[in-house]
Amino acid sequence: MTVLGAVFRPQNPPERLRAVARVAEESGLEQLWLWEDCFLESGIASAAAVLGWTERLRVGIGLLPVPLRNVALTAMEAATLDRLFPDRVLLGVGHGVQDWMGQVGARVESPVTLLGEYLDALRALLAGERVTTSGRYVHLDDVALDWPPNAAPKIYAGARGPRSIRLCGSHADGTLLDSITDAEGVRAARTLIDEGRAAAGRTDPHPVVASLLAVTGPDAEARLAAERTPKHAPGAGVAGGAQVVADAVHRLVEAGADTVIIQPTADEPDPEAFIRFVAEEVRPLV
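Residues numbered from 1 in each chain as written. Predicted model: local features only at pLDDT ≥ 70, side-chain atom pairs only at ≥ 80, totals over all residues. Heavy atoms only, no water.

Going by the annotation in an unreviewed UniProt entry, the name recorded for the protein is LLM class flavin-dependent oxidoreductase, with Nocardia colli given as the source organism.

In structure tokens:
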């Protein structure tokens with residue numbers, strides 16, 4: 001069965017999040033995803049709040065930029081959330097937007113090298129291991145969590161380029177693809193992920209989360225056109241009613257996505273109504 005979720009975009013003020021979380025919980029939405037975009041809202045703080053306001057909703061963070069966060073701090077925060085709210089946190093990490101990383105003095109010469117080192121260290125720490133490593137970017141000296149998760153959570157990595165997507169297959173537990181990707185992009189990503197998994201000798205399940213930019217309402221086509229950029233693949237994004245969106249979800253699933261996260265535009269005027277639309281109108285059609 002396809003897992004369906006939606007995004008609360010950080011262009012909305014933080015004080016709007018509680019109402020959106022309650023609608024997501026009450027409407028039966030499976031997952032609510034949050035972004036840690038510079039310089040808007042904290043992914044960890046937002047996730048903790050949503051988890052505290054709800055009882056069953058799973059909360060994804062897509063994604064924490066690894067140049068901005070020491071891996072030991074990310075492990076501590078992830079472990080704490082997981083122990084407080086078992087099996088409800090979906091943690092994604094990634095390169096971050098390089099211009100933003102440059103603004104805060106955190107940009108690195110090789111983002112792919114950093115992400116690989118970071119994923120290895122983070123997964124080991126969350127598995128309860130004591131870690132000593134001295135890589136190009138990640139340095140840990142006899143570090144272990146005093147309160148590791150009771151069961152190590154899956155760590156997702158976000159990626160766009162072929163090298164990064166292949167690295168997700170070898171170093172992460174799942175891959176998060178963004179909304180500029182269409183069905184052909186998902187299919188190509190699956191091939192790269194499998195190459196990475198084979199090279200690393202991994203046989204464990206590797207879920208793929210695809211994001212779908214979706215716009216509904218009388219001005220949907222115009223709003224979608226305004227949101228799209230040259231980076232979007234030709235088939236990325238959809239405008240229309242519930243059946244149109246559900247058909248787009250099916251295309252992504254047929255291409256290899258296990259979970260589809262439906263993303264509103266940055267100017268969505270009613271994020272609560274958008275959540276209801278996804279949960280109550282699109283979900284029954286998927």
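Draft legend 1. Representation of the environment of L252 in the model. Along the polypeptide, L252 turns up in helix α9 (residues 242-255). Overall, the relative accessible area of 4% leaves L252 in the buried class. Expressed as a C-alpha distance, the spacing of L252 and S211, which sit 41 residues apart in the sequence, is 9.1 Å. If near-sequence neighbours (up to four positions away) are discounted, L252 is found in contact with D182, A183, V186, A210, L212, A257 and V260. (Helix = DSSP H or I, 4+ residues; strand = E, 2+ residues; numbered from the N terminus. Buried < 20%, exposed > 50% of the residue type's maximum accessible area, 1.4 Å probe, protein only. Contact = heavy atoms within 4.5 Å.)

Draft legend 2. Structural detail: the pairing of strand β5 (residues 131-134). Pairing geometry for β5 and strand β6 (residues 139-143), over three bridges, is antiparallel. Residue pairing in the sheet places S134 in a bridge with H139 of β6. From the end of β5 to the start of β6, which pair antiparallel, there are four residues. (Pairing = 2+ DSSP bridges.)

Draft legend 3. Looking closely at the state of the cysteines. Overall, the coordinates contain zero disulfides when judged by the stated rule. Here C38 is not disulfide-linked; the sulfur of C168 is the nearest cysteine sulfur, at 19 Å. C168 gets classed as buried once you look at its relative accessible area, which sits at 0%. (Disulfide = S-S within 2.5 Å.)

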